[in-house]
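# Working through the structure, step by step
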Amino acid sequence: MAGSASLDQDAITAQYDRIAPFYRALSPLFLINPGLRRQAVAAMALHPGGDVLEVGVGSGRNLPYLLDAVGPRGSVTGVDLSAGMLAEARKLVEVRGAANVELIEASAVTVELDRDFDAVLFSLSYSVIPAEARPAALARAWERLRPGGRLVVLDGGIARTRLRPLIAPIVRRLTKLGPGHPDTNPEDDLARLGEVVSEPALLDIYFVYTVTKPATA
């Protein structure tokens, strides 16, 4: 979800480090529920044995759904710049006993990846990337996406929802906890990659955006 556009990446990362231990309890305040996460994972059309990259893995709340989708023969790679959030994600991995998860502390723009993936997910993280860096983050992920694979962005749809007047005061308070920008519209950036499929979620408070990479060049 989102916050002040004036915040730079260091400030955003520092704030997420601070709230990391409490993020699990805060998630319901952002109306983030299992159904929303399942919708985003389903849009990726993953199969057992697949390899998936999550950009902005955060505290790892999507990892159980991704692991269920790819199974023990698949793999999940998570990237995040917040050491505090990654520490929480590692706890989930340890509880799950998953040996097929790799967590990388790095920027979405500069991360070095030595493998390709069947699908890429930006889950509630695209709006947290500074606006000037978003095209480069998409390009890095797209480069590592295999032909025929899907790039999915789950993010806020505050600008579209008919409930905006009702929830605007709540959003302003919540974005102080989780910085970013509540009115980010990833669809314009994604359209540069290909045809975008847009699915509303939770009364248009969130949207799931999907772009499929052509199977052939």
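Keep in mind it's a predicted model, so treat the numbers as computed, not measured.

### Notes on helix α3 (residues 34-43)
Looking only at α3, the buried set comprises Leu36, Arg37, Ala40, Val41 and Ala43. With its buried residues spanning 160° around the axis, α3 presents them on a single face. Every exposed residue of α3 that faces more than 90 degrees away from the buried side is listed here: Arg38 and Ala42. Against α4 (63-70), β4 (117-123), β5 (145-156), β6 (196-201) and β7 (206-212) lie the buried residues of α3. The N-terminus of α3 is capped by Asn33, whose side-chain oxygen sits 3.2 Å from the backbone nitrogen of Gly35. Following α3 by one or two positions, Ala45 adopts a phi angle in the positive range, close to 55°.

### Here we look at the packing of aromatic side chains
Two aromatic rings are characterised by how far apart their centres lie and by the angle between their planes. Tallied over the full model, the rule gives two aromatic pairs. Between Phe122 and Tyr126, the aromatic rings sit 5.9 Å apart at their centres with planes inclined by 80°, giving edge-to-face as the arrangement.

### Here's the deal with the packing of α4 against helix α5 (residues 83-96)
Where α4 meets α5, the closest approach of the two axes is 11 Å, and the angle between their N-to-C directions is 45°. Comparing their axes, α5 and α4 come out oblique. With respect to the hand of their crossing, α4 and α5 are arranged in right-handed fashion. Note on element contacts: α5 touches α4 through Ala89, Val93 and Arg96, opposite Leu63, Pro64, Leu67 and Asp68. Considered class by class, the residues forming the contact of α4 with α5 number five nonpolar, no polar and two charged.

### A short note on the pattern of salt bridges
Under the criterion given, the structure shown has seven salt bridges. A single salt-bridge network, built from bridges that share partners, covers Asp51, Arg115, Asp118 and Arg146.

### Quick word on the sheet that holds strand β2 (residues 75-80)
Pairing in this open sheet of seven strands is mixed, and the strands run β3-β2-β1-β4-β5-β7-β6 from one edge to the other. A single partner strand is all that each edge strand has here, and the edge strands are β3 (101-105) and β6. When the angles between neighbouring strand axes are averaged without regard to direction, this sheet yields 15°. For β5 and β7, the ladder comprises seven bridges, and the chain directions are antiparallel. When the bridges of β7 are listed, Arg150 appears paired with Thr212. Of the strands in this sheet, β1 (51-55), β2, β3 and β4 touch α4, which is tilted by about 150° from β2.

Definitions and cut-offs
- Residues numbered from 1 in each chain as written.
- Predicted model: local features only at pLDDT ≥ 70, side-chain atom pairs only at ≥ 80, totals over all residues.
- Heavy atoms only, no water.
- Buried < 20%, exposed > 50% of the residue type's maximum accessible area, 1.4 Å probe, protein only.
- Helix = DSSP H or I, 4+ residues; strand = E, 2+ residues; numbered from the N terminus.
- Arc of directions from axis to C-beta.
- Contact = heavy atoms within 4.5 Å.
- Polar contact = N/O pair within 3.5 Å; in protein donor to acceptor, adjacent residues only side chain to side chain.
- Phe/Tyr/Trp six-rings, centres within 6.5 Å; stacked < 30°, edge-to-face > 60°.
- Axes fitted to C-alpha atoms, helices over the stretch in contact; angles between N-to-C directions.
- Parallel < 35°, antiparallel > 145°, perpendicular 65-115°, else oblique.
- Left-handed = near helix turned anticlockwise from the far one by under 90°.
- Nonpolar A, V, L, I, M, F, W, Y, C, P; charged D, E, K, R; others polar.
- Salt bridge = Lys/Arg side-chain N within 4 Å of Asp/Glu carboxyl O.
- Pairing = 2+ DSSP bridges.

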